[in-house]
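# Coordinate inspection notes
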Amino acid sequence: QVQLVESGGGSVQTGGSLRLSCAASGLTFSSYSMSWFRQAPGKEREFVAAISAGGLNILYTDSVKGRFTISREIPKNTVYLQMNSLKPEDTAVYSCAAAQRSLGFLRLASQCEFWGQGTQVTVSS
């Protein structure tokens with residue numbers, strides 16, 4: 001049974017930082033590309049970042065480039081999202097996802113095979 005469990009969410013002020021973690025089990029972690037999505041109240045789910053199975057290739061949505069960093073630690077079966085210079089518009093539920101797809105497909109929620117339950121990030125002004 002595949003499980004993705006996110007942690008690290010919370011409430012911070014504008015300009016603050018958080019590091020999200022997503023621990024995977026029940027799959028061969030090194031064979032899966034991983035991505036982060038977010039969904040704010042009343043809005044559609046939005047792609048944030050993705051990292052290839054080997055960790056060499058990375059994608060970001062434009063709004064987080066230079067502020068967020070995705071990484072993975074294969075021995076720990078964990079993917080991270082370091083979020084710096086947070087803004088109120090980053091407030092959302094952040095979810096990780098996994099897929100055995102080429103990295104570009106990880107931009108699309110419909111192409112992701114497994115999902116975590118999400119963790120809330122709230123940024124106040």
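Just above sits the structure.
Structural notes, computed from the coordinates. Quantities reported herein were computed from a predicted structural model and do not represent experimental measurements.

About the cut-offs
- Think of each chain on its own: its residues are numbered from 1, step by step along the sequence as written.
- Given that the model is predicted, a residue must reach a pLDDT of at least 70 before its local features are reported, and side-chain atom pairs must reach 80 or more before they are shown or counted; all residues, however, enter totals for whole chains, interfaces and linings.
- As a convention, hydrogens and water are excluded, and side-chain values are obtained from all of the structure's heavy atoms.
- Strands are runs of DSSP state E lasting at least 2 residues, helices are runs of H or I lasting at least 4, and numbering of each runs from the N terminus.
- The rule is simple: take the accessible area with a 1.4 Å probe, protein chains only, and divide by the maximum for that residue type; under 20% is buried, over 50% is exposed, in between is partly exposed.
- Any N or O atom pair separated by 3.5 Å or less is treated as a polar contact, with the protein-specific requirement of one donor-capable and one acceptor-capable atom, and with residues adjacent in sequence counted only for side-chain atom pairs.
- In what follows, residue pairs with any heavy atoms lying within 4.5 Å of each other are defined as contacts.
- Pairs were defined over the aromatic rings of Phe, Tyr and Trp, the Trp ring being its six-membered one, requiring ring centres within 6.5 Å. Orientation was assigned from the angle between planes: stacked under 30 degrees, edge-to-face over 60, tilted for the rest.

You can see threonine 78 is positioned in strand β8 (residues 78-83). Residue threonine 78 is classed as buried on the basis of its relative accessible area of 9%. A distance of 2.8 Å separates a polar atom in the side chain of threonine 78 from the backbone oxygen of lysine 76. Apart from the residues within four sequence positions on either side, threonine 78 is in contact with Ser21, Cys22, Ala23, Phe29, Ser71, Arg72 and Glu73.

Two measures describe an aromatic ring pair: the distance that separates the ring centres and the angle between the ring planes. Applying the stated rule across the entire model yields three aromatic pairs. For the pair tyrosine 32 and phenylalanine 114, a centre-to-centre distance of 6.1 Å together with 55° between the ring planes defines the contact as tilted. Of this pair, tyrosine 32 sits in the loop between β3 (18-25) and β4 (33-39) while phenylalanine 114 sits in strand β10 (residues 114-115), placing them 82 residues apart in sequence. For phenylalanine 114, a relative accessible area of 26% puts it in the partly exposed group. Between the aromatic rings of phenylalanine 37 and tryptophan 115, the centroid separation amounts to 5.1 Å while the plane-to-plane angle is 50°, which identifies the pairing as tilted. Highlighted residues: phenylalanine 37 in strand β4 and tryptophan 115 in strand β10, separated in sequence by 78 residues. Assessed through its relative accessible area of 28%, tryptophan 115 is described here as partly exposed. A connected cluster of aromatic rings, assembled from ring pairs, spans Phe37, Phe47 and Trp115.

Everything listed here is a matter of geometry and, on its own, says nothing about what the molecule does.
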